[in-house]
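Residue strings, one per chain:
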Amino acid sequence: MTGEESEGYMRKIMFIGRTGAGKTTLTQALKGETITYKKTQDVQHFNAIIDTPGEYCENKELAHALIIYSHEADILGLLIDASETYSLYSPNIASLGTREVVGIVTHIHDPYANLEQAALWLELAGCRKLFFVDSVTGDGIPELIDYLEQEDGGISWDEKYIQQRQSYQEYSELAEG
């Protein structure tokens, strides 16, 4: 069963990544569609997925739109092609958001794939949970769907913020003492 066909609860994920990282292909795989190349021209909303154009990640004049759209998602997915020779993501960029951020390594069967390097870049960006997927073969897709179907505890973003502030205060007290 695909993510979009699931009858149960599924957290909404927003895919972020450069052009060609595999955001739309992953969206098609999660929805159980036939994989076809389609250039995303604007933000696409589905039941549990927000697919964004790569230009929003690559262009600082458009990047602010990612911040706005991120408030409609439960989870942000930073995608990186395993064959990339550099990362667009700044170190610890995940800490700037108000949503959980996961890393998704795509094109894992590419002959030039460097899974360790891609994982390191996503970890440096602040992703604590990583997924390795191939949208064409379906590798890693069930694990991502299972993760999105997990309940998040049912607490509001305000409650999560309060928990985060309390944890920070406790950490600060430990660091000072």
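Figured I'd write up the structure that's included with this text. Throughout, residues of each chain are indexed from 1 in the direction in which the sequence is written. Selection of residues for local features in this predicted model requires a pLDDT of at least 70, selection of side-chain atom pairs for listing and counting requires 80 or more, and totals for whole chains, interfaces and linings are taken over all residues. The basis for every side-chain value is the complete set of heavy atoms in the structure, and neither hydrogens nor water enter the calculation.

**Things to note about the packing of helix 1 (residues 23–30) against helix 5 (residues 141–149)**
Here is step 1 of the chain: Contact geometry for helix 1 and helix 5: axes closest at 11 Å, N-to-C directions at 75°. Judged by the inter-axis angle, helix 1 sits roughly perpendicular to helix 5. Contacts between helix 1 and helix 5 involve Leu 26, Ala 29 and Leu 30 from the former and Ile 141, Leu 144 and Ile 145 from the latter.
Here is step 2 of the chain: Each residue belonging to the contact of helix 1 with helix 5 can be placed in one class, and the counts come to six nonpolar, no polar and no charged. Orientation is described by axes fitted as lines to C-alpha atoms, over the contacting stretch for helices, and by angles from 0 to 180 degrees between their N-to-C directions. Numbering of helices and strands runs from the N terminus; a helix is a DSSP stretch of H or I covering at least four residues, while a strand is a stretch of E covering at least two. Throughout this description, any angle smaller than 35 degrees is read as roughly parallel, any larger than 145 degrees as roughly antiparallel, any in the 65 to 115 degree range as roughly perpendicular, and the remainder as oblique. By definition, residues are in contact when any of their heavy atoms lie within 4.5 Å. Residues are grouped as follows: Ala, Val, Leu, Ile, Met, Phe, Trp, Tyr, Cys and Pro are nonpolar; Asp, Glu, Lys and Arg are charged; all remaining types, including Gly, are polar.

**Structural notes on the pairing of strand 4 (residues 75–81)**
Here is step 1 of the chain: The buried label goes to any residue with under 20% of its type's maximum accessible area, the exposed label to any with over 50%, and the partly exposed label to all in between, with areas taken from a 1.4 Å probe on protein chains only. Burial analysis of strand 4 places seven of its seven residues in the buried class, which makes it a mostly covered element.
Here is step 2 of the chain: Two strands are said to pair when DSSP picks up at least two bridges between them. Pairing of strand 1 (residues 13–16) with strand 4, which is carried by four bridges, proceeds in the parallel orientation. Its bridge partner lying in strand 4, Ile 13 is registered against Ile 75.
Here is step 3 of the chain: Across seven bridges, strand 4 lies against strand 5 (residues 100–106) in parallel orientation. Paired with Ile 80 across the two strands is Val 105, which belongs to strand 5.

**Regarding empty space enclosed by the protein**
Here is step 1 of the chain: The method works on a 1 Å grid over the protein atoms by themselves. A cavity is a set of points holding a 1.4 Å probe that cannot get out, a pocket is an open set with protein on both sides within 12 Å along at least five of seven lines, and residues with an atom within 4 Å of a point line them. Grid points are joined across faces, edges and corners, and a volume is the space filled by probe spheres set on the points. Scanning all chains against the criterion turns up one cavity of 30 Å³ or more.
Here is step 2 of the chain: Quantified by volume, the largest cavity comes out at close to 60 Å³.
Here is step 3 of the chain: Every residue lining the largest cavity is listed: Gly 17, Arg 18, Leu 79, Ile 80, Asp 81, Glu 84, Tyr 86, Ser 87, Leu 88 and Tyr 89.
Here is step 4 of the chain: Of the residues contributing to the lining of the largest cavity, the split by class is five nonpolar, two polar and three charged.

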